Amino acid sequence: MVNFQLYDPRQVLDDPAFRILAEGEKPGPEANIAAFYNPNHEIHLVEKPRPKPGPGQVLLHVRATGICGSDVHFWKHGRIGDSMVVTDECGSGHESAGEVVEVGEGVSQWKPGDRVAIEAGVPCSQASCDYCRTGRYNACPDVVFFSTPPFHGTLTRWHLHPAQWLHRIPDNMTYEEGSLCEPLAVALAGIERAGLRLGDPVLVCGAGPIGLVSLLSARAAGAEPIVITDLFQSRLDFAKKLVPGVRTVLIERGTTPQRQASQIKEAAEGPLTLALECTGVESSVHTAAYSVKFGGKVFIIGVGKNEQVFPFMHLSANEIDVSFQYRYANQYPKAIRLISGGLIDVKPLVTHRFKLEDAISAFHVAADPSQGAIKVQIHD
Ligand SMILES: NC(=O)c1ccc[n+]([C@@H]2O[C@H](COP(=O)([O-])OP(=O)(O)OC[C@H]3O[C@@H](n4cnc5c(N)ncnc54)[C@H](O)[C@@H]3O)[C@@H](O)[C@H]2O)c1
Ligand SMILES: OC[C@H](O)C(O)[C@@H](O)CO
Ligand SMILES: [Zn+2]
Ligand SMILES: [Zn+2]
């Protein structure tokens, strides 16, 4: 039996209600199709039933979904670290916004037609859970994070969600912007915990989608100057178009982190207070460490190798704090206010758009660096 309970959306494909579509097969306009990856590094369209909302649940028509690097990573590499491993077929997508089509019993705050950003992680919300009760719900041990195994994703046509984990998007925001609240939430959580202040000189390492939303957020928070790094000039050019005042440093493979740091400090005309590390690459973490001043902070948002070496004595002798970010908590309402209020413009990040039926092509574009994609979106 397929179980459509929200907290157990781990339907498996030996269930006859699920079907992998044949290549070239055209699903009907109402079919609940989704893009699934599996341990064999395959990605394909799957048709699954349209669910009915239970008590406290809302059925959504997902209108926009962005492809995250972690979706591509799960497809290509089958795991992120030791705790998130693809062992079965798993639905992709967690950066989504949609339209309410039906509400379950007891749901009074939503009605059909309402437009919402879908919070990608649904924690247990129990008073007995310390992390949920104290607002640090990204640490909830029972969180359902969509598209991280074993939970299917929101890249589908019809998605069930608990009513209290949706966020209304105002009329001046598109579904696309609603879906971009998810990566923006990652950056906002980082900025908040890093304690960035007006006028702080800041380094952003890496100009991928997370580095770019961090750049936009740091700019909105009043950082000046901001230096951004990347291995690719095209990504730095993109960053410069997005935030014209940003200073860029191209990282050349083979140069030492100390040398890279001196180029960064030269570009900033002084050492930095804070580095927002958005690559998770060991050498970039080192570069960040050598770029910040005595008492500065290296704030690591990127994820990478399980074990990494730190420049221990440099950090110690310079009282440099090192912190990490794991997803986010309490950031969607802020993300919506910042976009709707015009302080952060995420629209230029979307470089490619596909229809839901073409989701597999969308994944191939997102995974191929030569295509120059920043954010690939799927619309329905
Ligand atoms: N902490 C979290 O909760 C969280 C959430 C989302 C994403 N992430 C992680 O954030 C990181 C960035 O995500 P993304 O989607 O932007 O990834 P991405 O791969 O698109 O971008 C990373 C960028 O870093 C650049 N880069 C690589 N090595 C570099 C180096 N040594 N110096 C400077 N730049 C370098 C790459 O060229 C690329 O442009 C990833 O590790 C991702 O897994 C973390
Ligand atoms: O945007 C959120 C991130 O992609 C997730 O943390 C993912 O990488 C693992 O669950
Ligand atoms: Zn993500
Ligand atoms: Zn909890």
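Residues numbered from 1 in each chain as written. Chains lettered and ligands numbered in written order. Predicted model: local features only at pLDDT ≥ 70, side-chain atom pairs only at ≥ 80, totals over all residues. Heavy atoms only, no water.

- Identification of the protein as L-arabinitol 4-dehydrogenase from Hohenbuehelia grisea is taken from an unreviewed UniProt entry.
- You can read under Cofactor (unreviewed entry) in the UniProt record for the protein the words "Zn(2+)". (UniProt positions renumbered as here; feature names shortened; annotations may be inferred.)

## A word on the overall build of the protein
Then step 1. Broken down by element type, the protein carries 11 helices and 21 strands.
Then step 2. Computed over its C-alpha atoms, the radius of gyration of the protein comes to 21 Å, within 12% of the 21 Å expected for a compact globule of 380 residues.
Then step 3. Overall, the C-alpha framework of the protein stretches about 60 × 40 × 40 Å when taken along its three principal axes.
Then step 4. Looking at the 380 residues of the protein, the share that counts as buried comes to 56%. (Helix = DSSP H or I, 4+ residues; strand = E, 2+ residues; numbered from the N terminus. Rg over C-alpha atoms; globule rule 2.2 N^0.38 Å. Buried < 20%, exposed > 50% of the residue type's maximum accessible area, 1.4 Å probe, protein only.)

## Overview of the site of ligand 1
Then step 1. If you check the shell around ligand 1, you find 22 residues, and the closest are I210, D230, I301, Q325 and R327.
Then step 2. P209 is positioned such that a nitrogen or oxygen atom in its backbone is 3.1 Å from an oxygen atom of ligand 1.
Then step 3. When the free accessible area of ligand 1 is taken as 860 Å², the share hidden by the protein chains comes to 79%.
Then step 4. Elements with a contribution of two residues or more to the shell around ligand 1: helix 5 (209-220), strand 15 (226-230) and helix 8 (282-291). (Near = heavy atom within 4 Å. Polar contact = N/O pair within 3.5 Å; in protein donor to acceptor, adjacent residues only side chain to side chain. Areas by Shrake-Rupley, 256 points an atom, 1.4 Å probe, with all protein chains shown as cover.)

## Notes on the environment of H61
Then step 1. With respect to the helices and strands, the residue H61 is situated in strand 4 (residues 57-66).
Then step 2. In the structure, H61 is positioned 146 residues away from A207 in sequence and 32 Å away in space, judged by C-alpha atoms.
Then step 3. Those residues in contact with H61, other than ones at most four positions away along the chain, are G98, E99, V101, R157, W158 and D380. (Contact = heavy atoms within 4.5 Å.)

## Quick notes on the domain arrangement of the protein
Then step 1. Examined at the domain level, the protein breaks down into domain 1 (2-180 + 346-379) and domain 2 (187-324).
Then step 2. Contacts between domain 1 and domain 2 engage 10 residues on the former and 10 residues on the latter.
Then step 3. When domain 1 packs against domain 2, close to 790 Å² is buried across both sides, 71% of that on carbon and sulfur atoms.
Then step 4. When the buried surface of domain 1 facing domain 2 is broken down by residue, P348, L349 and I374 rank first, second and third, together holding 55% of it.
Then step 5. Where domain 1 packs against domain 2, one counts two residue pairs in polar contact (both at pLDDT 80 or more).
Then step 6. Taken together, the residues of the side of domain 1 that touches domain 2 break down into five nonpolar, two polar and three charged. (Domains from an automatic or database assignment. Buried area = accessible area lost by both parts, 1.4 Å probe. Nonpolar A, V, L, I, M, F, W, Y, C, P; charged D, E, K, R; others polar.)

## Comments concerning the sheet that holds strand 1 (residues 19-20)
Then step 1. The strand order across the open sheet built from four strands is 1-3-2-7, with neighbouring strands paired in antiparallel fashion. The outermost strands of the open sheet, each flanked by one partner alone, are strand 1 and strand 7 (90-91).
Then step 2. Here strand 2 (residues 32-37) runs beside strand 7; their pairing, made up of two bridges, is antiparallel. Directly across from F36, in strand 7, lies its bridge partner G91.
Then step 3. Where helix 11 (residues 359-367) meets the sheet, it contacts strand 2 and strand 3 (43-48), and its direction lies at approximately 150° from that of strand 3. (Pairing = 2+ DSSP bridges. Axes fitted to C-alpha atoms, helices over the stretch in contact; angles between N-to-C directions.)

## Regarding the UniProt feature "domain: Enoyl reductase (ER)" (unreviewed entry) in the protein
Then step 1. Within this structure's numbering, the places UniProt gives as "domain: Enoyl reductase (ER)" (unreviewed entry) are residues 38-374.
Then step 2. In residues 38-374, the share of helix is 30% and the share of strand is 25%. The end C-alpha atoms are 24 Å apart.

## Concerning the pairing of strand 15
Then step 1. For strand 15, the buried fraction is high: five of the five residues fall into the buried class.
Then step 2. As paired elements, strand 14 (residues 202-205) and strand 15 share four bridges and run parallel to each other. In the strand pairing of strand 15, V204 is matched with I228.
Then step 3. In this region the chain leaves strand 14, passes through helix 5 and returns to the parallel neighbour strand 15; the handedness of that crossover is right-handed.
Then step 4. With four bridges connecting them, strand 15 and strand 16 (residues 247-250) associate as parallel partners. Bridged to T229 within strand 16 is V249. (Right-handed = clockwise from strand over helix to strand, strands pointing away.)

## Focus: the coordination of the zinc ion (ligand 3)
Then step 1. Protein-derived ligands of the zinc ion (ligand 3) are C68 (SG) and H94 (NE2), with the metal-ligand distances lying across 2.1 to 2.4 Å.
Then step 2. Its four donor atoms give the zinc ion (ligand 3) angles of 75 to 149° at the centre, a pattern that matches the irregular case. Within this pair, whereas C68 is found in the loop between strand 4 and helix 1 (69-77), its partner H94 is found in the loop between strand 7 and strand 8 (95-103), the two being separated by 26 residues in sequence. Just as C68 is buried, H94 falls in that class too. (Donors = N, O, S within 2.8 Å, 3.2 Å for Na, K, Ca; no water. Tetrahedral: all angles 85-135°; square planar, octahedral: opposite > 155°, others 65-115°.)

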